[in-house]
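An overview of the molecular structure
So the chains spell out like this:
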Amino acid sequence: MSESEEDPRTRAVCEFFGKVFFSVTNPPADLSDLSDGVVMFEALSEISMDHFDPTSIARDLGDNWALKTSNLKKLLRNLEEFYHEELQKDTDFEAISSHINDIAKGEDLEHVLAFVELIAVAATTCEDKEVFVNRLKEIEPDCLGELQEILQDGYKLVHDLDTDGAGDEDDADSLVFGGEENGEVPGSPGNALFPSHEHSEVMKERDELRQALQDAKRELGQLKSQAAIDLEDNQKDKEKLRALNEDLQERLGKRDEELLAAEQDSSKNKRALEEARTEVVDLREEKRTLADELDVEKSKVLQLRKSEAMVQVYRKKLDALETSGNPQVEDQTAKYVEQIMTLENETKKIPSLQKNLDESQSQAKKFESRIAEAEDSLQSKDAEIAKLKTDASNAEKAKKMFQQELDELRASQEGAADAALALNVDNEKRLEMENAQLKAQMEQLKVSESAMVAPAGDESGKVAELEKQLAEKETQVTKLNTDKEKLEAYTKKTLQKFQEKYLVALQDCKAKLKEKHDKIEALEMRNANEKVAQKREEKLISSAMFELGVGIMQTQMGSGRR
């Protein structure tokens with residue numbers, strides 16, 4: 001058996017919220033359903049939508065007692081403002097607030113009745129109290145008795161805002177038990193909780209009109225909240241577009257940096273090519289020098305061969321003179337022998353000179369092959385640099401095109417968002433003006449009903465006028481919903497077009513940029529390897545030239561001594 005079935009007061013509270021307030025979406029089954037403040041907030045929104053907006057509180061809280069505490073504190077704060085501003089009443093709100101944490105945790109549900117007492121007093125003393133009093137008639141008699149006790153307890157705690165609350169208990173008794181002690185009829189209008197039946201039709205019509213006004217107020221509140229939600233959604237869409245724009249700007253900046261780095265690398269490669277060209281020129285000069293030295297060595301070899309032939313001739317003459325025995329001939333023979341010895345020494349140097357000549361020829365061939373390779377590498381690097389320049393210019397053109405389309409899309413999106421915001425603001429102002437007009441008409445209706453002498457034809461005319469205004473409200477609501485759907489469709493279409501057009505292009509650009517970066521790294525590695533090989537070859541050439549020069553110097557020094 002539930003708590004509401006065991007405790008008659010709990011059952012009376014559940015009947016009170018379930019039958020008196022039509023705005024309650026989920027009527028409570030026991031006091032624990034009131035611990036989050038949602039049901040009480042919805043009930044009070046029917047009393048005053050200006051002070052109690054049900055869309056401003058958190059829902060579906062579960063066991064989160066912290067959020068329940070926040071709802072209850074907001075409820076109590078708005079209830080205090082309503083008592084002070086509308087009812088000109090006051091009570092000990094601080095004492096009630098001290099139990100809010102225990103109520104939210106479910107540890108002290110008895111103090112929920114303090115909120116119920118304040119809500120019951122507010123319902124029976126507000127400007128629409130006749131509506132709620134008529135609804136109280138539908139509650140079961142045993143529950144109605146419990147509610148009367150709750151009302152009496154509430155009126156004992158409530159007092160006027162400018163006085164100390166004297167006489168409030170009598171007012172509560174006269175309202176709840178109106179006229180029983182003075183012999184008056186309990187159902188008489190003006191001082192009883194339940195009016196008589198003689199004006200029931202007028203009361204029903206007035207009740208229906210008040211209910212229609214409450215529905216219009218509730219719809220107006222929902223439209224305001226929906227307009228706020230739409231405005232927030234538009235703001236979020238603008239934030240998303242702004243973030244996407246910043247991301248694109250950042251990517252374009254990175255692309256610019258990468259292009260700048262590629263240009264710097266290309267300039268470095270150009271400088272390396274210039275250095276390689278100067279080195280090739282130097283190698284060609286060295287080749288010419290070596291060719292000249294080879295020619296000199298060849299001429300020396302020819303001279304040595306001629307000298308060798310002369311030596312052979314002199315030997316034959318020497319042999320002929322030795323056989324003749326002439327002294328003059330002997331002296332001449334001695335001279336010839338000395339010359340022959342000199343020529344033989346020179347002849348002994350011919351193999352070393354021939355070896356040096358062969359080495360110089362091989363080195364010259366190596367230099368020619370290196371020069372050919374260097375020229376080939378220069379041509380390939382020139383072609384790669386030209387290709388990189390072409391790719392860089394194409395990327396720059398694509399960047400400008402993307403930037404232009406992005407600016408156009410941003411301008412169109414901002415224009416749509418501003419138009420939607422202006423439309424929402426205009427609709428909200430128009431609804432507020434119409435709400436004020438409805439309030440003024442309801443005030444006039446109250447004045448006419450207080451006299452109780454207006455003809456039935458006037459009442460039916462006002463009802464028809466109010467129904468016409470409600471129909472206009474529904475038309476405006478439908479128009480607002482249509483405008484909202486159009487704005488959402490336009491925003492989705494714009495975002496989809498943006499994603500389809502630019503994200504694919506950005507991915508292609510990133511892939512191409514990565515490929516160029518890899519090519520540049522490969523060229524740098526190849527250039528570094530070629531530099532290392534070139535330095536090694538320079539060292540080898542320098543050592544070979546040094547050895548060749550030392551050999552030539554030694555040869556010249558030996559010939560000079562002789």
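All residue numbers refer to position in the chain's written sequence, counted from 1. In keeping with the predicted nature of the model, local features appear solely for residues at pLDDT of at least 70, side-chain atom pairs appear and are counted solely at 80 or more, and the whole-chain, interface and lining totals rest on all residues. Working from all heavy atoms in the structure, the side-chain values ignore hydrogens and water.

1. Remarks on the overall build of the protein
Threshold: What counts as a helix is a DSSP run of H or I of at least four residues, what counts as a strand is a run of E of at least two, and both are numbered from the N terminus. Summary of the burial criterion: residues with accessible area below 20% of their type's maximum are buried, those above 50% are exposed, and those between are partly exposed, where the area comes from a 1.4 Å probe applied to protein chains only. The contact definition used throughout considers only heavy atoms, calling two residues in contact when any of these lie within 4.5 Å. Using the Shrake-Rupley algorithm and a 1.4 Å probe, accessible areas are obtained, with residue cover drawn only from the displayed protein chains.
When you go through the protein residue by residue, the secondary structure sums to 14 helices and two strands. The buried share among the 562 residues of the protein stands at 38%. Of all intrachain contacts in the protein linking residues separated by at least 6 positions in sequence, the fraction that spans at least 24 positions is 74%. For the protein, the computed accessible surface area is about 33200 Å², with 52% contributed by carbon and sulfur atoms.

2. Points about the packing of aromatic side chains
Just so we agree on the cut-off: Two rings from Phe, Tyr or Trp (for Trp, the six-membered ring) form a pair when their centres sit within 6.5 Å of each other. Planes less than 30 degrees apart are called stacked, planes more than 60 degrees apart edge-to-face, and all others tilted. For a ring to carry a charge above it, either NZ of a lysine or CZ of an arginine must fall within 6 Å of the ring centroid while also lying within 35 degrees of the normal to the ring plane.
Taken as a whole, this structure holds seven aromatic pairs when the rule is applied. Geometrically, the ring pair formed by Phe 41 and Phe 52 is edge-to-face, given 5.9 Å between the ring centres and 80 degrees between the ring planes. A residue pair is termed long-range when its members are at least 10 positions apart, and Phe 41 in helix H3 (residues 38-47) and Phe 52 in the loop between H3 and helix H4 (65-87) qualify at 11 residues. In this pair, the class of Phe 41 matches that of Phe 52, namely buried. The ring of Trp 65 has Lys 105 lying over it, and the distance from NZ or CZ to the ring centre is 4.4 Å. Over the ring of Phe 22 we find Arg 135, and its NZ or CZ is 4.0 Å from the ring centre.

3. Description of helix H7 (residues 112-125)
Three- or four-residue spacings in an α-helix give side chains the same orientation, since the helix completes a turn every 3.6 residues. The line we're drawing: A helix is expected to reach a length of 1.5 Å times the quantity of its residues less one.
For H7, with 14 residues, the first-to-last C-alpha span of 20 Å sits near the 20 Å given by 1.5 Å per residue. With 12 of its 14 residues buried, H7 lies for the most part within the structure. Residues of H7 that are buried include every one of Val 112, Leu 113, Phe 115, Val 116, Glu 117, Leu 118, Ile 119, Ala 120, Val 121, Ala 122, Ala 123 and Thr 124, and no others.

4. Notes on the pattern of salt bridges
Going by this rule: Between Lys or Arg on one side and Asp or Glu on the other, a salt bridge is scored when a side-chain nitrogen of the former is within 4 Å of a carboxyl oxygen of the latter.
Tallied over the entire structure, the rule returns 17 salt bridges. Salt-bridge contacts for Arg 9 lead to Glu 146; the nearest nitrogen and oxygen are separated by 3.5 Å. Of this pair, Arg 9 sits in helix H2 (residues 8-19) while Glu 146 sits in helix H9 (residues 141-157), placing them 137 residues apart in sequence. Note on accessibility: Arg 9 and Glu 146 belong to one class, buried. The salt bridge partner of Arg 11 is Asp 142, with a shortest N-O separation of 2.7 Å. You can see Arg 11 sitting in helix H2 and its partner Asp 142 sitting in helix H9, a full 131 residues away along the chain. With relative accessibility at 42%, the residue Asp 142 sits in the partly exposed group.

5. Brief notes about the environment of Val 131
Relative to the assigned elements, Val 131 resides in helix H8 (residues 129-136). Through-space distance from the C-alpha of Val 131 to that of Asp 207 is 5.5 Å; in sequence the pair is 76 residues apart. Once residues within four sequence positions are removed from consideration, Val 131 is found in contact with Asp 207 and Arg 210.

6. Section: H8
Of all eight residues that make up H8, six are buried, and the element is covered over most of its length. Along H8, the residues that are buried comprise Val 131, Phe 132, Val 133, Asn 134, Arg 135 and Leu 136.

7. Things to note about the nonpolar core
Definition in use: What we call a nonpolar core is a set of buried Ala, Val, Leu, Ile, Met, Phe, Trp, Tyr and Cys residues that are connected through their side-chain atoms within 4.5 Å.
With 51 residues, the main nonpolar core has Phe 16, Phe 17, Phe 21, Leu 34, Ile 47 and Tyr 83 as its most contacted residues. Only H2, H3, H4, helix H5 (93-97), helix H6 (100-105), H7, H8 and H9 provide two or more residues apiece to this core. Of all the elements, H7 adds the most residues to this core, at 10 residues. Not counting the four nearest positions on each side in its chain, Phe 16 is found in contact with Phe 21, Ile 119, Ala 120, Leu 136, Ile 139 and Leu 147. Counting residues in each nonpolar core, the second largest holds eight residues, with Leu 290, Ile 371, Ile 541 and Leu 548 among its members.

8. What about the side chain of Arg 9?
Arg 9 gets classed as buried once you look at its relative accessible area, which sits at 18%. For Arg 9, the contacting residues outside a window of four places in its chain are Leu 113, Glu 146, Glu 149, Ile 150 and Asp 153.

9. Regarding a negative patch on the surface
The condition that has to hold: Two joining distances apply to patches: 9 Å for like charges and 5 Å for nonpolar side chains (Val, Leu, Ile, Met, Phe, Trp, Tyr), and every residue must have over 30% relative accessible area and no salt bridge. Only four residue types enter the tally: Lys and Arg on the positive side, Asp and Glu on the negative side; His and the chain ends are excluded. Where a charge lies is defined by one atom per residue type: Lys uses NZ, Arg uses CZ, Asp uses CG and Glu uses CD.
On the surface, a cluster of negative charge is contributed by Glu 80, Glu 81, Glu 85, Glu 86, Asp 92 and Glu 94. Per-element accounting of the negative patch gives the leading share, four residues, to H4. Inspection of the secondary structure assignment puts Glu 81 in helix H4.

10. Some words on the packing of H4 against H7
Stated precisely, the cut-off is as follows: Throughout, an axis means a line fitted to C-alpha atoms (over the contacting stretch in the case of helices), and angles, computed between N-to-C directions, take values from 0 to 180 degrees. Handedness of a helix crossing follows the sense of rotation of the near helix relative to the far helix, less than a right angle counterclockwise being left-handed and clockwise being right-handed. Each residue receives one of three labels: charged for Asp, Glu, Lys and Arg, nonpolar for Ala, Val, Leu, Ile, Met, Phe, Trp, Tyr, Cys and Pro, and polar for the others, Gly being one of them.
Remark: H4 packs on H7, axes separated minimally by 12 Å, with the N-to-C direction vectors making an angle of 30 degrees. By crossing handedness, the relation of H4 to H7 is classed as left-handed. Residue-level inspection shows Leu 72, Leu 75, Leu 76, Leu 79, Phe 82, Tyr 83 and Leu 87 of H4 in contact with H7, the latter providing Phe 115, Leu 118, Val 121, Ala 122 and Thr 125. Class assignment for the residues of the contact of H4 with H7 results in 11 nonpolar, one polar and no charged.

11. A word on the packing of H2 against H7
Note the cut-off: Our angle categories are set so that under 35 degrees counts as roughly parallel, over 145 as roughly antiparallel, 65 to 115 as roughly perpendicular, and the remainder as oblique.
Taken N-terminus to C-terminus, the directions of H2 and H7 make an angle of 45 degrees; their axes are 12 Å apart at the nearest point. Taken together, the axes of H2 and H7 lie oblique to each other. Here H2 and H7 pass one another in a crossing that is left-handed. On H7, the residues touching Arg 9, Val 13, Phe 16 and Phe 17 of H2 are Leu 113, Val 116, Ile 119 and Ala 120. Counted by class, the contact of H2 with H7 contains seven nonpolar, no polar and one charged residues.

12. What to know about unusual backbone geometry
Positive phi, normally seen in glycine, also occurs at Gln 88, with a value near 60 degrees. As for its placement among the helices and strands, Gln 88 is situated in the loop between H4 and strand E1 (89-90). We classify Gln 88 as partly exposed; its relative accessible area is 41%.

13. Regarding the state of the cysteines
Disulfide: a covalent bond connecting the sulfur atoms of a pair of cysteines. The condition is simple: The rule for a disulfide is simple: a pair of cysteine sulfur atoms within 2.5 Å.
This model, assessed by the stated rule, comprises zero disulfides. There is no disulfide at Cys 14, and the cysteine sulfur nearest it, in Cys 143, is 9.1 Å away.

14. Some details on the confidence of the model for the protein
In plain terms, the rule: Every residue is assigned a pLDDT by the predictor, reflecting its confidence on a scale from 0 to 100.
Looking at the protein as a whole, the pLDDT averages 76, with 80% of positions reaching at least 70. Confidence drops under a pLDDT of 50 for residues 163-198, and excluding neighbours within four residues, the segment shows 50 contacts in the predicted structure. Every residue in residues 452-456 scores below 50 in pLDDT, and together they form four contacts with partners more than four places removed in sequence or on other chains.

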